[in-house]
Structure formats: C-alpha cells, structure tokens
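Observations on chain architecture
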Amino acid sequence: MTQDEQKKRVAREAIKYVVDRAYVGVGSGSTANYFIDELANIRNRIRGAVASSLRTEERLKSHAIPIAELASVDELPVYIDGADETTERGALIKGGGGALTREKIVAAVARKFVCIVDVSKVVGVLGNFPLPVEVIPMARSHVAQELVKLGGRPRLRPDCTTDNGNVILDVEGMRIVDPTDLETRINNIVGVVTNGLFARRAADVILVGTDQGVRTIDTHRL
C-alpha cells in the first residue's frame, strides 16, 4: 500500500469524529487535503469549516464547504489535521507547509484535536524532521543565534512568506526529548511568533494509516 493510500484511509476514518450541525476545524497539508475531499461528501451535515490556511480555505471553497472565521465561531468541537512527526503520546512537529501559527491557534480553540498521519510519521523521539519556527523578519538573525544556543542548526526557508507575512527558520539537528519544555523556551525568544512543536496542546487522538488498516491511539490512555 502506498503512502497516499494510507493517508486516504485515515482521512475517511476521521469523518467519524465530525460533529453534525457544528463547525469543524480543518488543517493543512496533503493528508488534510484528503480529509477535505471526504468532508465534501457530508458537507450538508455540518455548519461549515474553520480553515487553518489560505490554501485550505481555497480547497474547502472548491468543494462548496462554507467557510467560517474563527472569531465568529462560538464552539469548535473538533480540529482535524496532519503532522510531519508525531509520538504516540500526541506531541507533534507541524509546519512543513508553513501554516503552523494558524494551525496552532485553531487547535488551541478546539475541544478535541484529531491528528491523521500515515505510519511513517510516527516516531519515538521528535526531531528528525526539521522544526519550523515562524519569525518576524527583522528578528531573524537574533532568533537564529538563540536557536543555535539551544543546540539547533537554523536555516531560512527559501522563498517562503507565511500567511501572516513572516519568515520561517527550519531547525535541524535537534533530538527533542522534552517537547513541552522546548516549545516554551523557543516561544520565549523575542521575535518568535510560534514554533512547530505541538506539545502543550498535543493531539487527543492519533489515527495512523497502515497497510493493515487504521490504528487509533487515544493519547489520554497512555
């Protein structure tokens, strides 16, 4: 089974977590795109979707799924999104597509965060995937120096401006054994908007696409 077939499996499974007659938060990236395609089949059952990026918003609109601004939504039962890496305890690295800040905001508001990934994304320790850090442009050099002090090798992502008008530093060479602590330390650097560690608000459920089917991990039971 291909990686894309595994992603399609978890996208279909994630539909079970969508609450009827409510809004659903929708993430960004290839796996989230497959979820959007599945969501189109039940669009008449939901009030609309909150998009975590402009690309996601465009794909939702292409399926005639109503878009809602987060500020106008009184309740968000679930947020469904992929990840670049995840541990079985629900700590994630996200931001490979550059939408980490908006993704983190929507995840923070949602009552439940469902992460959908293919099996290659599940790791014992985070850090093989470079950690994205969204930075206000004038602070780029300062933030890079501070990230080096934390043991990373930051590189400016070329030709990348986020939906918020900022730049991204991708940090390599980090073995992240305490993702909650590192998330806080990086966010405390002046000039950082946020970073791609989702540990303080980790996933509640992880749906993992495998050749044998979909494995469901309830992170609160571990």
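Everything numeric here is computed off the predicted structure, so don't read it as measured data.

We now examine the overall build of the protein. Helices and strands together make up the secondary structure of the protein, namely six helices and 13 strands. Taken against the 2.2 N^0.38 rule, which gives 17 Å for 222 residues, the C-alpha radius of gyration of the protein at 17 Å falls within 12% of a compact globule. Intrachain contacts of the protein at a sequence separation of at least 6 include 72% that bridge at least 24 residues. Accessible area of the protein: about 10500 Å², with a carbon and sulfur share of 46%. Across the protein, the mean location of the 30 positive side-chain charges is 2 Å away from that of the 29 negative side-chain charges.

The subject of this paragraph is a nonpolar patch on the surface. Judged by side-chain polarity, I136, M138 and V193 come together as a nonpolar surface patch covering roughly 310 Å² of accessible area. Examined against the element boundaries, M138 turns out to sit in the loop between β7 (131–135) and α5 (140–149). M138 sits in the exposed class, given a relative accessible area of 80%.

What follows deals with the pattern of salt bridges. In the structure shown here, the tally under the stated rule is 16 salt bridges. A salt bridge links R185 to D181; its shortest N-O distance comes to 3.6 Å. Pair noted here: R185 and D181 are both in helix α6 (residues 179–187), with a separation of four residues, about one helical turn. With a relative accessible area of 45%, R185 lands in the partly exposed category. Ionic contacts of the salt-bridge type, sharing partners, join the residues D81, K94 and E103 into one network.

Parameters at a glance
- Residues numbered from 1 in each chain as written.
- Predicted model: local features only at pLDDT ≥ 70, side-chain atom pairs only at ≥ 80, totals over all residues.
- Heavy atoms only, no water.
- Helix = DSSP H or I, 4+ residues; strand = E, 2+ residues; numbered from the N terminus.
- Rg over C-alpha atoms; globule rule 2.2 N^0.38 Å.
- Contact = heavy atoms within 4.5 Å.
- Areas by Shrake-Rupley, 256 points an atom, 1.4 Å probe, with all protein chains shown as cover.
- Lys, Arg positive; Asp, Glu negative; His and termini not counted.
- Charge placed at Lys NZ, Arg CZ, Asp CG, Glu CD.
- Patch = residues over 30% accessible without salt bridge, like charges linked within 9 Å, V, L, I, M, F, W, Y side chains within 5 Å.
- Salt bridge = Lys/Arg side-chain N within 4 Å of Asp/Glu carboxyl O.
- Buried < 20%, exposed > 50% of the residue type's maximum accessible area, 1.4 Å probe, protein only.

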